[in-house]
Amino acid sequence: MAKLQSIGKCSLCGESISKAAMTRHLSKCGQTRTPAIPGTPGPAPSFHLVVEGGWKAYWLHLSAPAKAPLSKLDAFLRHIWLECCGHMSAFEIGGIRYSRSPMEEERGMGTPLGRVLDVGTKFGYEYDFGSTTELRLTVVGFWNLDKPKGAVQLLARNEPPPIICSQCKSQPAAEICTACEEAWLCESCVAEHDCGEQMFLPVVNSPRVGVCGYTG
């Protein structure tokens, strides 16, 4: 069986692009997106980040100002993909852990991105230290972008991956039964399922799908 191609939508132009081609597309898309020249006035220098989660079916392209603190990136990831119950979170960059409430040998998220990142940097992120959702981030570029001061901007996001009902194996899954292992169910099979409604979580476009109380 041929492997399904992951497709995403460019937030700058609205075009649907494959995951493999999105970085190249974004490097050329948008009249205000020109390579950063250190020391010159103009829009704020920003990092182009690729974020992956789950089995790499979920991905984002973001721009984040070099002067913005890690807490801004943390807040954006929570808002778009993760937040359910106010759990703790942390980045790990170059062997150093940056946390919202740093413990011994950890650092805070007030650190500016430009102090710890560079083009080519790969780093990790965790949300919820119990039912943990792990993300992988890579800096793929450095740009000058016109946008609000300190704001993280969505450049592209994957379209929801096709997930088929694990019971009838024909219809798209709509709910996950958290009491049954890998019970991804379509609307018809949900109605026939023995577990109560309180055990179901909706299928959403996030690597946090089906975890804790996350509903998107």
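What counts, and where the lines are drawn
Throughout, a residue's number is its position along its own chain's written sequence, starting from 1. For a predicted model such as this one, the threshold for reporting local features is a pLDDT of at least 70, and the threshold for listing and counting side-chain atom pairs is 80 or more; totals across whole chains, interfaces and linings nevertheless cover every residue. In computing side-chain properties, one takes all heavy atoms of the structure into account and sets aside hydrogens as well as water. Only DSSP runs of H or I covering at least 4 residues are called helices, and only runs of E covering at least 2 are called strands; the numbering of each starts at the N terminus. Here's how the labels work: a residue is buried when its accessible area is under 20% of the maximum for its type, exposed when over 50%, partly exposed in between, all with a 1.4 Å probe on protein chains only. Residue contacts are defined here by distance: any two heavy atoms, one from each residue, within 4.5 Å place the two residues in contact. In what follows, salt bridge is the name for a side-chain nitrogen of Lys or Arg lying within 4 Å of a carboxyl oxygen of Asp or Glu. Strands were regarded as paired on the criterion that DSSP finds at least two bridges between them. Note on geometry: axes are lines fitted to C-alpha atoms, helical ones only across the stretch in contact, with angles between N-to-C directions running from 0 to 180 degrees. By convention a nonpolar core is built from buried Ala, Val, Leu, Ile, Met, Phe, Trp, Tyr and Cys residues, the set being connected through side-chain atoms within 4.5 Å. Two aromatic rings, drawn from Phe, Tyr or Trp (for Trp, its six-membered ring), form a pair once their centres lie within 6.5 Å of each other, and the interplanar angle then sorts them: stacked below 30 degrees, edge-to-face above 60, tilted otherwise.

K.L.:
What is the right way to read the overall build of the protein chain from this model?
P.N.:
Within the protein chain one finds four helices and 14 strands. Sorting the 216 residues of the protein chain into buried and exposed places 42% on the buried side. When contacts within the protein chain are restricted to residue pairs at least 6 apart in sequence, those whose partners lie at least 24 apart make up 57%.

K.L.:
Honestly, the pattern of salt bridges in this entry has me stumped. Any pointers?
P.N.:
For side chains of opposite charge, pairing can occur when their charged atoms come near one another. Under the criterion given, the structure shown has seven salt bridges. Across the pair R78 and D74 runs a salt bridge whose closest N-O atoms are separated by 3.2 Å. With R78 and D74 both in helix α2 (residues 70–82), this residue pair falls four residues apart, about one helical turn. In terms of burial, R78 and D74 fall into one category: buried. Put simply, E83 and R78 hold a salt bridge, and the shortest N to O gap is 2.8 Å. Among the charged side chains, a salt-bridge network with shared partners connects D74, R78, E83 and R100.

K.L.:
Any chance you could explain the pairing of strand β6 (residues 89–93) here in plain terms?
P.N.:
Successive side chains on a regular strand alternate, one facing one side of the sheet and the next facing the other. For β6, a buried count of four out of five residues is recorded, marking the element as mostly surrounded by other parts of the structure. Alignment of β6 against strand β9 (residues 122–127), held across four bridges, turns out to be antiparallel. When the sheet's bridge partners are listed, S89 is paired in β9 with Y127. Between β6 and strand β7 (residues 96–99), which follow one another and run antiparallel, lie two residues, and G94 among them has a positive phi close to 60°.

K.L.:
What exactly am I supposed to notice about the sheet that holds strand β14 (residues 200–202) here?
P.N.:
In a beta sheet, neighbouring strands pair by backbone hydrogen bonds and run either parallel or antiparallel. Spatially, the three strands line up as an open sheet ordered β13-β12-β14, and their pairing is antiparallel. The outermost strands of the open sheet, each flanked by one partner alone, are β13 (183–185) and β14. Shown here is a sheet whose adjacent strand axes are inclined to one another by a mean of 30°, direction ignored. Two strands pair when backbone bridges link them, and strand β12 (residues 175–177) and β14 are joined in this way by three bridges, in the antiparallel orientation. Looking across to β14, one finds that I176 is bridged to L201.

K.L.:
Which parts of the structure should I look at to understand unusual backbone geometry?
P.N.:
Where the residue is not glycine, phi is negative for most of them; where a peptide bond is considered, it is trans in most cases. Even without being a glycine, D128 presents a positive backbone phi close to 75°. Judged by its relative accessible area of 5%, D128 falls in the buried class. The backbone phi angle of C212 is positive, close to 55°, even though this residue is not glycine. Residue placement: C212 occurs in the segment after β14.

K.L.:
Can you help me understand the nonpolar core in this one?
P.N.:
Side chains of nonpolar character tend, in soluble globular proteins, to be buried together. If you look at the biggest cluster of nonpolar residues, it comprises 37 residues, and the most contacted ones within it are L62, L73, L77, F91 and L117. Looking at this core, the elements with two or more residues in it are β4 (44–53), β5 (58–65), α2, β6, α3 (113–116), β9 and β10 (133–145). Considering each element in turn, this core owes the most residues, seven residues, to α2. Aside from chain neighbours lying at most four places away, what touches F91 is L70, L73, D74, L77, I96, R97, Y98, M109, F123, G124 and Y125. The next biggest cluster of nonpolar side chains, apart from the first, holds nine residues, and it includes I17, A21, M22 and A156.

K.L.:
What am I meant to see in the packing of aromatic side chains here?
P.N.:
Using the criterion set out here, one finds four aromatic pairs in the structure. Aromatic side chains F91 and F123 sit 6.2 Å apart centroid to centroid with 45° between the ring planes, which places their arrangement in the tilted category. Within this pair, whereas F91 is found in strand β6, its partner F123 is found in strand β9, the two being separated by 32 residues in sequence. Measuring from centroid to centroid gives 4.7 Å for F91 and Y125, while their planes differ by 55°, and the two rings are tilted.

K.L.:
Would you mind showing me how to read the environment of G108 here?
P.N.:
Of note, G108 is situated in strand β8 (residues 107–108). Separated by 37 residues in sequence, G108 and S71 place their C-alpha atoms 8.6 Å apart. Ignoring anything within four residues of it in the chain, the contact list for G108 reads Y98, S99 and P102.

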